[in-house]
Amino acid sequence: MYRMTLQSGHTLKKVWATARAVLARLKALSKWRSYDVIYMQRELFPFGPPVLERFLKKNGAVIFFDFDDALFIKKPSRYNPIATLLRSPEKTRDMFTIADCTVAGNNWLRDSARSEGGKAVTLEVAEDTSRYRERTDVEAGRPITIGWLGSPTTVKYLKLIQEPLQKLASRYPDVRWEIIGGNEFTMDGVPWVNTAWSLEGEVEGLARFDIGLMPLPQDEWSNGKSGGKARTYMAAGVVPVCAGIGYNLELIRHGETGFLCKENEDWYQVLSELIEDKAQREGISKAARADVEVRFSPEKQARAMVDLFYDVLEAKGATHE
């Protein structure tokens, strides 16, 4: 179903898959009284007003609303005008006040929820470094690889740094360029190798990367990003080179665990230095991975989440085991 949502067409298959998912969720919710909390990653359903959410809240359910994107800003779907029509920023704002607690991926999202009258906290996203093997010395003769990991909806952001990338590809013809998950993205002057995304393939692909790119536009939507791409690079020992905006400024220590860029010249200068300086790449790779292990381990974030559950339940006077 996820793969289908990233493709144009297949409308009937998408409708059928959505219907099956709705029925499965309704079946799970039929037992809602036996749950201590209902923890929603985004909304219960991707369409319609929050009628069911209001019903559950009115009848005593303890509801958590988790979001890590600026869903209260309307953005058109790249693939389907029907999906654009169904998107409702107002529904997200409603959820801020319906939920007993909104769990935000960064402080800007948390403050946005609070400004709408919601009770909100920040719980940064966990990253499991055990998925990725620690890097050893780079194989002799293997080309330096600059890569990007993501989806077809965000690969367009590479166009924001097209000029420095073209200059780098011309200056360093031996550098390898790879995109994972961007479909058949192309850029004049940069010989991108496109690789399909899969959960297993992501691990293998990141093992080929030396440097990971995360360009973003300087806008409100980017302020809502919670650093997923950069944090994944860091966990995999890939040097993150990212747009200097929003949560990236909190996630990355410039020059120590990665790099933050704003102007085209920043991107060109940083990437040039990394291409030429193996020791710098290796030092930042190790520091970035170690930082993620300390700050974002699943065990640490799981404990914080459980503590949050108990705090909210206690405040509501709810009974629980």
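It should be noted that the structure appears before, not after, this text.
This write-up is about the structure you can find in this document. Nothing here was measured: the structure is a model prediction, and the numbers come from that model.

What the chain contains, in helices and strands, is 14 helices and 10 strands. For 321 residues, the compact-globule estimate of 2.2 N^0.38 gives 20 Å, and the C-alpha radius of gyration of the chain, at 21 Å, lies within 12% of that figure. If one aligns the C-alpha atoms of the chain with their principal axes, the spans along those axes are about 65 × 45 × 35 Å. Scored against the burial criterion, the 321 residues of the chain give a buried share of 47%. Residue pairs at least 24 apart in sequence account for 66% of intrachain contacts in the chain once pairs closer than 6 positions are excluded. Accessible surface, the chain as shown: approximately 16700 Å² in total, 53% of it carbon and sulfur. Between the centroid of the 44 positive side chains of the chain and the centroid of its 44 negative side chains there is a distance of 7 Å.

Below, the discussion takes up the environment of Lys167. Among the secondary structure elements, Lys167 is positioned in helix α7 (residues 162-171). Taking C-alpha positions, Lys167 is 7.9 Å from Tyr268, a pair spaced 101 residues apart along the chain.

As a further point, take the packing of aromatic side chains. Per the stated rule, a full pass over the model turns up 11 aromatic pairs. Taking 5.0 Å as the distance between ring centres and 65 degrees as the angle between the ring planes, the aromatic pair formed by Phe64 and Phe309 counts as edge-to-face. Residue Phe64 is found in strand β2 (residues 63-67), and its partner Phe309 is found in helix α14 (residues 298-316); the two are separated by 245 residues along the sequence. Classification of Phe64 by relative accessible area gives buried; the value is 0%. With 5.5 Å between their ring centres and 80 degrees between their planes, Trp177 and Trp192 make a pair best called edge-to-face. A residue pair is termed long-range when its members are at least 10 positions apart, and Trp177 in strand β6 (residues 176-180) and Trp192 in strand β7 (residues 192-195) qualify at 15 residues. What makes Trp177 buried here is its relative accessible area of 2%.

Let us look at the side chain of Arg281. Mapping Arg281 onto the fold places it in helix α13 (residues 278-295). Buried charge without a salt bridge: Arg281, with Asp210 as the nearest opposite-charge side chain at an N-O distance of 4.7 Å. With near-sequence residues (within four places) excluded, Arg281 lies in contact with Ile144, Asp210, Ile211, Val239, Leu274, Ile275 and Glu276.

Calculation notes
- Residues numbered from 1 in each chain as written.
- Predicted model: local features only at pLDDT ≥ 70, side-chain atom pairs only at ≥ 80, totals over all residues.
- Heavy atoms only, no water.
- Helix = DSSP H or I, 4+ residues; strand = E, 2+ residues; numbered from the N terminus.
- Rg over C-alpha atoms; globule rule 2.2 N^0.38 Å.
- Buried < 20%, exposed > 50% of the residue type's maximum accessible area, 1.4 Å probe, protein only.
- Contact = heavy atoms within 4.5 Å.
- Areas by Shrake-Rupley, 256 points an atom, 1.4 Å probe, with all protein chains shown as cover.
- Lys, Arg positive; Asp, Glu negative; His and termini not counted.
- Charge placed at Lys NZ, Arg CZ, Asp CG, Glu CD.
- Phe/Tyr/Trp six-rings, centres within 6.5 Å; stacked < 30°, edge-to-face > 60°.
- Salt bridge = Lys/Arg side-chain N within 4 Å of Asp/Glu carboxyl O.

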